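Spelled out, the chains give:
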Amino acid sequence: MNRPLYAGMAAWAAVGLSVAVSAGDLWLAMPLHLPATVDPWLHALGVLARLAPVVAGALIVLRRAHNRVGWTLLVCGTLVIALEFCRMAAVALVEFLPGPVPPAAYALAAVPQAFFGLVYAWPVAIVLLFPDGRLSGSVDRWCFRGVLGACLVLGVAGLAGSPLTPAPYEGRANVFHVGWFAPYREGVFAAGWLVLWVLLVANVVLVIRRLRRATGERRLQLLWLTVAAVLPPVSLVGCVLALTGSLNMRYVDIAVSAAQLLVVAAVIVAVTKHGLYGIERLINRTLVYVSLTLLVAAVYLAVTVGGGLLAGAGSSWGTALATTAAAVVFFQARTATQKIIDRRFASRRYAAVNAMREYTARLHRGDAELGDIVPLLAQVLGDASLRAYFPSEAGWRTIDDRPAEPDPGLAHAPVRFAGAQVALIGHAVALSYEPELVRSVLGEAAGTLAMARLQLQVKHQLDEVKASRERIVQAGYQERRRLERDLHDGAQQRLVALGISLRRLQHALPPGARVIAPALDTAVRQVGEAIGDLRAIAAGIRPARLDDGLRAALDDLTQNSPIPVEVNVPDGRIAPELEAAAYFIVCEAVTNAVKHAAPSRVIVRGALDGATLKMSVVDDGRGGAVADDKGGGLSGMADRARAHGGTLVVRSRPGSGTTVEVVLPCG
């Protein structure tokens, strides 16, 4: 047979025997056989707690025959069941054996009572051996040996120190009693329980130290084991209090059984489902409220004692004052205690959250940029691969407004704000094992990420408005070109043809009809005037010289000006609609200068700087030009510039002339 087969047989045998013993124990513990002071359900809870490690260990061994943690659970659980078998056998002998019980059978009652400390030993063994079944250092080994040694010393002291046997053989002589040891029994018991409790606390310190060094999956597993390590010393304190009469043993039995069940549950979850529950938050909140409870209790006790000394014992004023003080301390110390616990036991999360809060404060002061949020998240979480995706109508976008798809190689955490998802954070898979860190940091950053998403949405809307405006401008420009062509090729050509026809008719008149020649001259002149009007209208829509470029159109504009106009514009070409916009702005600026400023000269300058056209119109007139909101010349020029995504600036001080500057993007 191979080793897995032997392991399976041993596991099934241990489970079968343990189930049989537990079933027999429950049968013997029915109300007829159970002392009246013991609750049947409480006894059943104890039986279940003793059976749980055997079953859990068997399940692990059956799946992984070489897993030492499973074997430890199986062996330790079987030892505890064996102690229970001794107690059950003692009860069975009393109940069913006729005649006197052999003296040697009294050991069946003394052994489980004496070695009760093993209930505290096996959880320590599990915690120290987890997850690979090996003790990681000399301190762990000494702690492990010390707990086993203390349990053995307490067991030997329990066997040898008492002259009488416990239930169900009350009052019978203890066959293991050593007379000379009796005077030392109480001292050995006190020292043994104290050493055991100190070692249990040391075990908690050791697992916390391992937890602080652990990362990823191992850290989550150790978080669950930390809970398991805390339970034995807490339940041992309750046991000591019960032995001294300060606490009802009923509550101690509940605590011990619950501790065993929770240790087994912690091991199972740590091995299989450690990422399902917020254990880190549970530990954090437990530490906070335990600390607050101790603080409030201390304040209440101090005020009660002080009030009793001042007002006399039994005074209701002392109790009322103590209650008020305890309530005030609780509400005032809640935040401070949370900070202290976070700083001490969750230092990384504490530092990360503080960094996010400092960034938020700088952002509100205007000392930081929204775009810094993603690099900061990567820094505080220690994840260079971190990515942020923001939802939009066109899909996911990065914070710099580039299209992106979530990386399937990353874990993803949605960020919600005011009930809506504002971002999706992609992070390294290792951070999934630190859910409380990720949750706290992203919760602190949710408002800022919502602002970043809103900024992207506003930018998209502005881009759409700009694109729509450009489409409208382009459509208007094309419509003006169409009207210009229609006027030139349609009505204007028909009028020219009509004028020619009238002249031909005039020359073809017979001598006797010369009397109507003046009327024909008038008609031809009126046709010519109509042609001139149409040409002026067409020029107002778009000057024909713009086909030769902005410089040529501006040169034509200045030829008919009543004052000197100097034009210094490059010959380069840009988009036709931008040339038309620049022409009409300059035309309006020159017209305003001539009509209102009385200048001696006007200078028109232009420069094509990369993807930007810069134009300026400068006059030396009276100045003082002011734009109004009624659609006047300056307002119209500004609107025309904005329609093309540009800007227009007017500087006009009284007596110092006027400068009109326009910048139009050409890219």
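Treat the numbers as computed from the prediction; the structure is a model and nothing was measured.

**Q** Hey, could you go over the nonpolar core for me, with residue numbers and the actual values?
**A** Core analysis: the biggest nonpolar cluster contains 33 residues, and Leu 550, Leu 554, Val 604, Met 615, Val 617 and Leu 648 have the highest contact counts within it. Within the residue set of this core, elements represented by two or more residues are α16 (550-559), β5 (565-568), α17 (576-597), β6 (602-609), β7 (612-619), α18 (633-643) and β9 (658-665). Here this core gets 11 residues from one element, more than from any other, and that element is α17. Filtering out sequence-adjacent residues up to four positions away, Leu 550 remains in contact with Val 569, Glu 579, Ala 582, Tyr 583, Leu 613 and Met 615. In terms of nonpolar packing, the next biggest core, distinct from the first, is built from 32 residues, Tyr 359, Leu 376, Ala 423 and Val 441 among them.

**Q** Let's hear about the sheet that holds β7: which residues, and what values?
**A** Taken together, 5 strands build an open sheet; the order of strands is β5-β6-β7-β9-β8 and the sheet is mixed. One side of each edge strand has no neighbouring strand; the edge strands of this open sheet are β5 and β8 (647-652). Taking the axes of each pair of neighbouring strands and ignoring which way they run, one obtains an average angle of 10 degrees across the sheet. As paired strands, β7 and β9 are joined by 8 bridges and run antiparallel to one another.

**Q** Which residues make up the side chain of Asp 383, and what values go with them?
**A** Here Asp 383 shows up in the loop between α13 (373-381) and β1 (387-392). Buried charge Asp 383 goes without a salt bridge, the closest partner of opposite sign being Arg 387 at 7.1 Å. Apart from residues lying up to four places away in sequence, Asp 383 is in contact with Ala 378, His 427, Ala 428 and Leu 431.

**Q** Give a detailed account of the sheet that holds strand β3 (residues 411-417), specifying residues and quantitative values.
**A** Reading across the sheet, the 4 strands line up as β2-β1-β4-β3 and stay open at both edges, with antiparallel pairing between neighbours. If you trace the sheet from one side to the other, it starts and ends with β2 (395-397) and β3, each paired once. Strand-to-strand, the axes of this sheet are offset by a mean angle of 35 degrees, without reference to chain direction.

**Q** Report on the packing of aromatic side chains, specifying residues and quantitative values.
**A** Using the criterion set out here, one finds 2 aromatic pairs in the structure. Measuring from ring centre to ring centre gives 6.1 Å for Trp 180 and Phe 181, while their planes differ by 90 degrees; the resulting arrangement is edge-to-face. The class for Trp 180 is exposed, based on a relative accessible area of 63%. Seen from their ring centres, Tyr 583 and Phe 584 are 5.3 Å apart, and the 75 degrees between their planes marks the pair as edge-to-face. For Phe 584, a relative accessible area of 14% corresponds to the buried category. When the ring centre of Trp 142 is taken as reference, the NZ or CZ atom of Arg 145 above it lies at 5.7 Å.

**Q** Before we move on, can you summarise a nonpolar patch on the surface with the specific residues and values?
**A** A cluster of nonpolar side chains, namely Leu 194, Trp 197, Val 198, Val 237 and Leu 241, defines an oily patch on the protein surface of about 410 Å² accessible area. Listed by contribution, the elements that provide at least two residues to the nonpolar patch are α7 (185-213) and α8 (216-243). Top element by residues in the nonpolar patch is α7. It accounts for 3 residues. Given a relative accessible area of 37%, Leu 241 falls into the partly exposed group.

**Q** Describe the environment of Val 649, listing the residues and the values that go with them.
**A** Relative to the assigned elements, Val 649 resides in strand β8. Counting along the chain gives 14 residues from Val 649 to Val 663, while the straight-line C-alpha distance between them is 8.8 Å. Ignoring sequence-local partners within four residues, the contact set of Val 649 consists of Thr 659, Val 660 and Glu 661.

**Q** Got a sec to walk through the pattern of salt bridges? Specific residues and values, please.
**A** Tallied over the entire structure, the rule returns 12 salt bridges. For Glu 186, the salt bridge goes to Arg 185, with nearest N and O atoms at 3.2 Å. Residue Arg 185 is classed as partly exposed on the basis of its relative accessible area, which comes to 23%. A salt bridge links Lys 459 to Asp 401; the nearest nitrogen and oxygen atoms lie 3.1 Å apart. In this pair, Lys 459 sits in helix α14 (residues 435-507) while Asp 401 sits in the loop between β2 and β3, placing the two residues 58 residues apart along the sequence. A relative accessible area of 37% means that Lys 459 is categorised as partly exposed.

**Q** Talk me through unusual backbone geometry; I want residue IDs and the actual numbers.
**A** In this structure, Asp 401 is a non-glycine residue whose phi angle is positive, near 65 degrees. Assessed through its relative accessible area of 12%, Asp 401 is described here as buried.

So, how was this worked out
Residues numbered from 1 in each chain as written. Predicted model: local features only at pLDDT ≥ 70, side-chain atom pairs only at ≥ 80, totals over all residues. Heavy atoms only, no water. Core = buried A, V, L, I, M, F, W, Y, C linked by side-chain atoms within 4.5 Å. Buried < 20%, exposed > 50% of the residue type's maximum accessible area, 1.4 Å probe, protein only. Helix = DSSP H or I, 4+ residues; strand = E, 2+ residues; numbered from the N terminus. Contact = heavy atoms within 4.5 Å. Pairing = 2+ DSSP bridges. Axes fitted to C-alpha atoms, helices over the stretch in contact; angles between N-to-C directions. Lys, Arg positive; Asp, Glu negative; His and termini not counted. Salt bridge = Lys/Arg side-chain N within 4 Å of Asp/Glu carboxyl O. Phe/Tyr/Trp six-rings, centres within 6.5 Å; stacked < 30°, edge-to-face > 60°. Lys NZ or Arg CZ within 6 Å of the ring centre and 35° of its normal. Patch = residues over 30% accessible without salt bridge, like charges linked within 9 Å, V, L, I, M, F, W, Y side chains within 5 Å. Areas by Shrake-Rupley, 256 points an atom, 1.4 Å probe, with all protein chains shown as cover.

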